[in-house]
Amino acid sequence: MKIIYTDVLIIGGGLAGLRVATGVKDRGHDTIVLTLIPPKRSHSSAAQGGMQASLANCAMGEGDNEDVHFLDTIKGSDWGADQEVARMFTHCAPKAIRELAAWGVPWSRVARGDHTVIINAKKETITEKDEAHGLITARDFGGTKKWRTCYTSDGTGHSMLYAMDNKAHEKNIEIHERLEAIALIHENGRCYGAIARNLMNGELVAYVAKATTIATGGYGRIYSVSTNAIICQGIGQAIALETGVATLGNMEAIQFHPTAIVPVGILTTEGCRGDGGLLLDKDGYRFMPDYEPDKKELASRDVVSRRMTEHMRKGKGVSSRYGDHLWLDITILGRKHIEKNLREVKEICENFLGIDPAEEWIPVRPTQHYSMGGIRTTYQGESQTLKGLYSCGEAACWDMHGFNRLGGNSVSETVVAGMLVAEYISDFCDKAESSVNVQSATIEKFLKREKEKIEALLTKKNGEDAYVLRRAMEKIMMEKVGIFRNGDDLQEAVTELEELYIRSKNIEVFRSKSRAANPALVNAYRTQKMLKVALTVAYGALLRTESRGAHSREDYPERDDANWLKRTITAWPDENQTLPTVSYEDIPISNMELPPGFRGYGKDLTIHHPETKVRQQMVDLIKEKLEKEGASRHEVQNALMPFLKKLPKKYQKFNERLGDIHE
Amino acid sequence: MSELEKPRILKIHVLRFDPHNPNDFPHMETFEVEEADGMTLYIVLGEIREHLDNSLKFDFVCRAGICGSCAMLVNGRPTLACRTLTKKLDEDITLAPLPLFELIGDLSINSGAWMQGLNKRLETWIHDKEQELNINKLEERMEPELADEIYELDRCIECGCCVAGCGTIQMKPDFVGAVGLNKIARYHLDPRDKRTDEEYYELIGDENGVFGCMTLLGCEDVCPKSLPLQSKIAYLRRMMLRTGLKG
Amino acid sequence: MNQFDRNVTDKHRYKFDAMPAKLDFIQSATGLFLALFMWGHMLFVSSILLGKDAMYSVTKFFEGEYFFGKSYPIIVSITVAIVFIIFIVHALVALRKFPNSYRQYRIYRAHMKQMRHSDTTLWFYQVFTGFVMFFLGSVHLYIMMTNPGNIGPYESADRVVSQWMAPLYLLLLLAVEFHGSIGLYRLVLKWGWFEGSNPKESRKRYKKVKYIITLFFLTLGLLSLAAYIKIGLEHKERVGERYTPTSLMPSQK
Ligand SMILES: Cc1cc2nc3c(=O)[nH]c(=O)nc-3n(C[C@H](O)[C@H](O)[C@H](O)COP(=O)(O)OP(=O)(O)OC[C@H]3O[C@@H](n4cnc5c(N)ncnc54)[C@H](O)[C@@H]3O)c2cc1C
Ligand code: HEM
Ligand code: HEM
Ligand code: SF4
Ligand code: F3S
Ligand code: FES
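First things first, this report covers the structure right here in the doc.

Parameters and conventions
Residues numbered from 1 in each chain as written. Chains lettered and ligands numbered in written order. Predicted model: local features only at pLDDT ≥ 70, side-chain atom pairs only at ≥ 80, totals over all residues. Heavy atoms only, no water. Helix = DSSP H or I, 4+ residues; strand = E, 2+ residues; numbered from the N terminus. Areas by Shrake-Rupley, 256 points an atom, 1.4 Å probe, with all protein chains shown as cover. Contact = heavy atoms within 4.5 Å. Buried area = accessible area lost by both parts, 1.4 Å probe. Salt bridge = Lys/Arg side-chain N within 4 Å of Asp/Glu carboxyl O. Polar contact = N/O pair within 3.5 Å; in protein donor to acceptor, adjacent residues only side chain to side chain. Nonpolar A, V, L, I, M, F, W, Y, C, P; charged D, E, K, R; others polar. Donors = N, O, S within 2.8 Å, 3.2 Å for Na, K, Ca; no water. Tetrahedral: all angles 85-135°; square planar, octahedral: opposite > 155°, others 65-115°. Buried < 20%, exposed > 50% of the residue type's maximum accessible area, 1.4 Å probe, protein only. Near = heavy atom within 4 Å. Pairing = 2+ DSSP bridges. Axes fitted to C-alpha atoms, helices over the stretch in contact; angles between N-to-C directions. Disulfide = S-S within 2.5 Å. Phe/Tyr/Trp six-rings, centres within 6.5 Å; stacked < 30°, edge-to-face > 60°.

Glancing now at the overall build of chain C. Helices and strands together make up the secondary structure of chain C, namely ten helices and zero strands. Over its C-alpha atoms, taken along the principal directions, chain C stretches across nearly 85 × 40 × 40 Å. Of the roughly 14,100 Å² of accessible surface on chain C, a fraction of 69% belongs to carbon and sulfur atoms.

Right, dumping it as structure tokens:
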């Protein structure tokens, strides 16, 4: 029996996991990072477009600050987000990006002088100020008022992840690659670590820790077509769920990205549209202005994806053997721009489509992209129900994205959450209550259980084929829990998934019986876990009879604040149940800085909560009063919804901006 | 491929070996897969695993040519399998794992551990001797062109193609390879890294470093990210020579 | 754990060592010298194609007759000695690059076969030809050094034919032309000279130039060798007779 002790166990070596690791290490705690793959290969590296942080350096970002970023984020979330968390996030994003700049990310910079850009299909000239020269620049992204998305060409995630991993090397952080967490060790509402399986030799290892952090990313691969890496299978969420104690939040909130290439589903970044690319239909007609005259191609992601689907349903899609699609036209940006700022896009088009995007249009359609839901935590990243279990990054729902996250807010979230959660975890580890007093019998029990599960998969006779179940699940999710949802389809989806889940208990690994590296075995146990995750998504979607953000019900097109201003909480308390247990957590309006309002897309169908008006009046009153008194924006903010105190001390200071210095 | 044409039947020859099985030895195995439109080796291998042999080991993560997991020898040349379209290849396709790296099984290699070792050896992080960083203040400025130039070298995805494509490192495994040299070039260019030329010399000023490179340029020709390896190694060689002669 | 860990610990015992830099420099400098020298050498040897007199004058030129009014073969001896030393230094330094065991040799061969990559293959030829020259070049240089006075249209031709140097020269010629031009090509890339704005394009150009140079000097060398063989065959009966230039021939006086 192999047991490894450490202070902080981190499951996941993406941006979020690595940032937590460096943070706790800095605070003097021992840490081990488990990852399926070398950290630099994590899916964070795929983020092309950029990271949102309100630096306000570039001309089109002038006047930006935390307040504007906060506003965009909450609107984007369709008021589903936790506003305090969103505040904490927007406050820390500039710090995170500056830290990364010092750690080696070569952010693209502002160049003084005139630049020609494409805005709304027209060439315009932007003049960058002298004093901004050499500072981090930003580009336009969907759903934002200002140009706020900072980037490194179109390899933002890559350069961030590399800088972060290198930092981890510098700090001598122990990283155990190809170790997959397959269960959490817990007892009496307290998490003590995880059981992990070595994917190279099959060995099971128990990692025992004061604090365990799940930073395993999203669960997009429960869909058959997704922009996610193929390891984004929701195993982190599943093992939390399988404790029966920890809960998941808003699992039904799934984002579809408007522009993934057809058929493989590889993403072309939002930067394409941010930089001026257009969406065209089969007649080469630019249709977005008809639907969203204001933001057009740069409306929020969920909106653009729905509009595209609507347009295709009207028969305006280009038909192909892989189904309908639309065109993304970036030829108007010119070869030079494409080869410099959208090079990955160019490479992808060349390698996977065999086309030159400077000459030809790119076939695209909306594709599963991001999981807003995840392990439900407090603002400190700790599970609400399982002590000692933490989570952050895409894996978590702490909840700053609500029902739709803004492009560029996600990599930003990973590093900010990583920064913060590392401090909270360190605080926890500094306290006596964190000490691990778990009996070795308990650890052994978990090890034994996992071992038996694996043996069962390998020795079962006449069982089910995991691949068959998995493909069926992916298809159901794609067809019935997609962009537009309705009660009938969802009901079918839940019934069918439940059936698959029951069958999955009887999975057999055919032929390939190795106990060491064995992809068939891995697929088998992951399929069982993925089915649970899929059920939480489909079931949550079925029960939520409203449309909010990315969750769009054709039979309930209204956003129903009166009944649904809530977070979906899913749990799986009993091994034997075949559907998750769903409950709800209210999102209180009474302390909102930005009470629910109209997002500004399409017709306003919101059914308002009676409290909204009350709160709005109060907010207006406070604002008016303080502004009259000449209070600063920080003071106004503080009066509406104080949050600074919740931040670790070292991150409470205000951010400096160019404007502050030169005014 | 037009709808009328009969799709080709691809013959995929895979070098198989399970080091965990004492009875196994490296051998070739052939699978037949019907070609489809826009098919990549990622799809081919997935189909083989799902329908023909579920024990076949290989690594894909992003399947989009971004993460560097799936490098393997395709007809003898190292490349990223996920973005290799079958229509650009003959019917007979030979696949083998990259040499030099620890073999996990079949086409799966442990290049990550190797890269981790390399990163530690070359200390591929910003060496900033300054005091505490103040992240509330404006960031340090950098010339836009310089930032672009650094990113250009930062694009390496640690796929290991250049290592597998370099005859020198095959013979002399202590050689840092193009991937390592490129990293040093990247940090040398970066004004935030305060290491001196002498310190860089200590890292790569020997036969295992830049002077070990025999300018075979396999690296340059197989790098999937088209990094300017040739000219960066040359640059380092000049710089290290100068440093060496001075020192 | 992995092969780099040793180096990590080694680092702390490290002392600044300029030797690797120097050796690389020496290798390139001697290579460059030899390659350029060989261009001159081949032009000199090929003067035979312009006629015996031409070659004779060139020989005399190198023996210093035009400067001192009299020929001093010792000048040739000294020159050869210097070249010989550079040649040996180059060979010794380049020896580092040789596969240092049969295992390494096998690995390289297998790699080369698998990659089918021209610059990888060319390197093998370079090493192989270098190895060949080690022997053939030494013989030639030794003979030249010890027989400095025996250079001339007839003397050389006799050596080629009657003293059985022809086969050796043929091999040496092939070796040196391939080795030299591959070496120069590699030298240019290795130090990044004349990279231009697009190094990939430049490299393609240099590769073309390389082939042209090889072809040019090989043709020149083969023609010269043929010329020497022809003269040598004609002169077979009178081996040992020294050449008298036309201007000094009695009949023309
Ligand atoms: C194509 C694409 C483009 C994107 N572009 C942008 C963008 O431009 N801007 C933006 O803000 N966001 C973008 N996103 C979203 C963003 O990249 C992700 O949300 C974010 O990187 C997630 O980071 P993470 O650290 O939470 O997880 P990941 O980076 O996914 O890392 C997960 C880690 O967990 C490990 N892991 C998983 N399961 C286990 C297990 N069971 N045991 C052990 N380890 C495990 C994995 O090995 C991995 O190291 C994009 C996403 C995609 C798919
Ligand atoms: C004993 C004879 C010789 C041997 C053993 C020898 C060996 C070598 C080897 C092994 C290399 C490759 C080094 C590397 O890849 O880094 C080399 C390079 C070179 N050789 Fe030779 N060589 C010999 C003679 C010559 C001669 C006669 C010439 C002139 C034509 C020459 C010109 C060059 C050049 C220009 C290079 C490139 C230098 C460099 O890469 O730094 N060599 N030699
Ligand atoms: C200073 C040094 C050298 C001198 C003076 C010299 C001189 C000569 C002379 C006079 C000949 C004509 C044939 C003969 O007389 O035998 C010759 C031929 C030749 N030499 Fe040299 N040589 C020198 C160095 C070298 C070196 C370093 C090499 C290559 C390693 C070389 C390769 C050859 C070859 C290949 C031929 C035959 C060429 C032909 O016939 O086309 N020589 N040399
Ligand atoms: S330099 Fe190129 S080939 Fe080498 S590891 Fe990096 S990306 Fe791969
Ligand atoms: S292939 Fe190898 S020898 Fe040098 S030029 Fe590239 S590292
Ligand atoms: S799978 Fe990521 S590069 Fe091929």
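Across the boundary between the two partners, chain A contributes 85 residues, which contact 68 residues of chain B. Its largest share of buried area at the contact with chain B, chain A owes to Arg41(A), His169(A) and Phe352(A), together 11% of the area lost on that side. Lys225(B) serves as the salt-bridge partner of Glu347(A), at 3.0 Å between the closest nitrogen and oxygen. Across the chain A-chain B interface, the total number found is 46 residue pairs in polar contact (both at pLDDT 80 or more). Of all the secondary-structure elements, those providing two or more residues to the side of chain A that touches chain B are helix 3 (83-103), helix 4 (156-170), strand 7 (174-177), helix 10 (343-353), helix 13 (466-480), helix 15 (519-543) and helix 19 (658-662) of chain A. Split by residue class, the side of chain A that touches chain B holds 38 nonpolar, 24 polar and 23 charged.

Another point: the coordination of the iron atom of ligand 2. Residue and element names in this part refer to chain C. Protein coordination at the iron atom of ligand 2: the donors are His90 (NE2) and His179 (NE2), at 2.0 Å from the metal. In this structure, the iron atom of ligand 2 is coordinated by six donor atoms arranged in octahedral fashion, with angles at the metal of 87 to 180°. On the criterion of sequence distance, the pair formed by His90 in helix 5 (residues 73-94) and His179 in helix 9 (residues 166-191) is long-range, its members being 89 residues apart. For the pair His90 and His179, one class covers both residues: buried.

Once that is clear, we can look at the site of ligand 3. Residues and elements named next belong to chain C. Around ligand 3 sit 22 residues, and of these His41, His140, Arg159, Tyr169 and Gly221 come closest. Separating a nitrogen atom of ligand 3 from a side-chain N or O atom of His41 is a distance of 2.7 Å. Within the contact set of ligand 3, a nitrogen atom lies 2.8 Å away from a side-chain nitrogen or oxygen of His140. At the level of secondary structure, the elements contributing two or more residues to the shell around ligand 3 comprise helix 2 (19-45), helix 5, helix 7 (118-146), helix 8 (153-161), helix 9 and helix 10 (199-234). With five residues, helix 2 is the largest single contributor of residues to the shell around ligand 3.

Another aspect to go through is the interface of chain B and chain C. The interface is formed by 52 residues belonging to chain B together with 40 residues belonging to chain C. Summed over both sides, the interface of chain B with chain C buries roughly 4,200 Å², with 57% coming from carbon and sulfur. Here chain B and chain C share five salt bridges between them. Inspection of the chain B/chain C interface yields 19 residue pairs in polar contact (both at pLDDT 80 or more). Every element with two or more residues in the side of chain B that touches chain C is listed here: strand 4 (77-80), helix 2 (111-122), helix 5 (167-171), helix 7 (197-204), helix 8 (218-222) and helix 9 (229-246) of chain B. Each residue belonging to the side of chain B that touches chain C can be placed in one class, and the counts come to 22 nonpolar, 17 polar and 13 charged.

What follows deals with the sheet that holds strand 18 (residues 396-397) of chain A. All names here are of chain A. The strand order across the open sheet formed by five strands is 18-16-11-21-22, and the pairing between neighbours is mixed. Each edge of the open sheet is held by one strand with a lone partner, namely strand 18 and strand 22 (581-586). Relative to strand 16 (residues 374-376), strand 11 (residues 248-249) is paired through two bridges, and the arrangement is antiparallel. Its bridge partner lying in strand 16, Leu248 is registered against Ile375. Sheet contacts for helix 5 (residues 235-242): strand 11, strand 16 and strand 21 (566-571); angle to strand 16, the most-contacted strand, approximately 35°. Packed onto the sheet, helix 15 meets strand 11, strand 21 and strand 22 and runs at close to 60° relative to strand 22.

Following Val262(A), the chain continues into Pro263(A) via a peptide bond in cis, with omega recorded as 5°. Residue placement: Pro263(A) occurs in the loop between strand 12 (254-261) and helix 6 (271-274). That bond from Trp398(A) to Asp399(A) is cis: its omega, 20°, falls within 30 degrees of zero. Within the secondary structure, Asp399(A) is located in the loop between strand 18 and helix 11 (409-430). With a phi angle near 45°, Arg63(B) is a residue other than glycine that sits in the positive phi range. Locating Arg63(B) in the fold gives a position in the loop between helix 1 (41-52) and strand 3 (71-74).

So, on to the state of the cysteines. Residue and element names in this part refer to chain A. Tallied over the entire structure, the rule returns zero disulfides over all chains. The closest cysteine sulfur to the non-disulfide-bonded Cys349 is located on Cys272, 7.6 Å from its own sulfur. Given the relative accessible area of 0%, Cys349 is considered buried.

Around the iron atom of ligand 3, the protein supplies His41(C) (NE2) and His140(C) (NE2) as donor atoms, at distances of 2.0 to 2.1 Å. Classification of His140(C) by relative accessible area gives buried; the value is 14%.

Residues and elements named next belong to chain C. What the rule picks out here adds up to 33 aromatic pairs over all chains. Between the aromatic rings of Phe124 and Phe128, the centroid separation amounts to 6.5 Å while the plane-to-plane angle is 15°, which identifies the pairing as stacked. One end of the pair is Phe124 and the other is Phe128, both in helix 7 and four residues apart, which spans about a single turn. Residue Phe128 is classed as partly exposed on the basis of its relative accessible area of 47%. Seen from their ring centres, Phe131 and Phe135 are 5.5 Å apart, and the 85° between their planes marks the pair as edge-to-face. With a gap of four residues between them, Phe131 and Phe135 both fall in helix 7, about one helical turn apart. Taking relative accessible area as the criterion, Phe131 reaches 44% and is therefore assigned partly exposed.

Here the focus is the site of ligand 2. Residue and element names in this part refer to chain C. Every one of the 25 residues lining ligand 2 counts as a neighbour, but Gln27, Ser28, His90, His179 and Lys190 are closest to it. Gln27 places a polar side-chain atom, nitrogen or oxygen, 2.7 Å from an oxygen atom of ligand 2. In this structure, an oxygen atom belonging to ligand 2 sits 2.8 Å away from a side-chain N or O atom of Trp123. Those elements that place two or more of their residues in the shell around ligand 2 are helix 2, helix 5, helix 7 and helix 9. Considered class by class, the residues forming the shell around ligand 2 number 14 nonpolar, nine polar and two charged.

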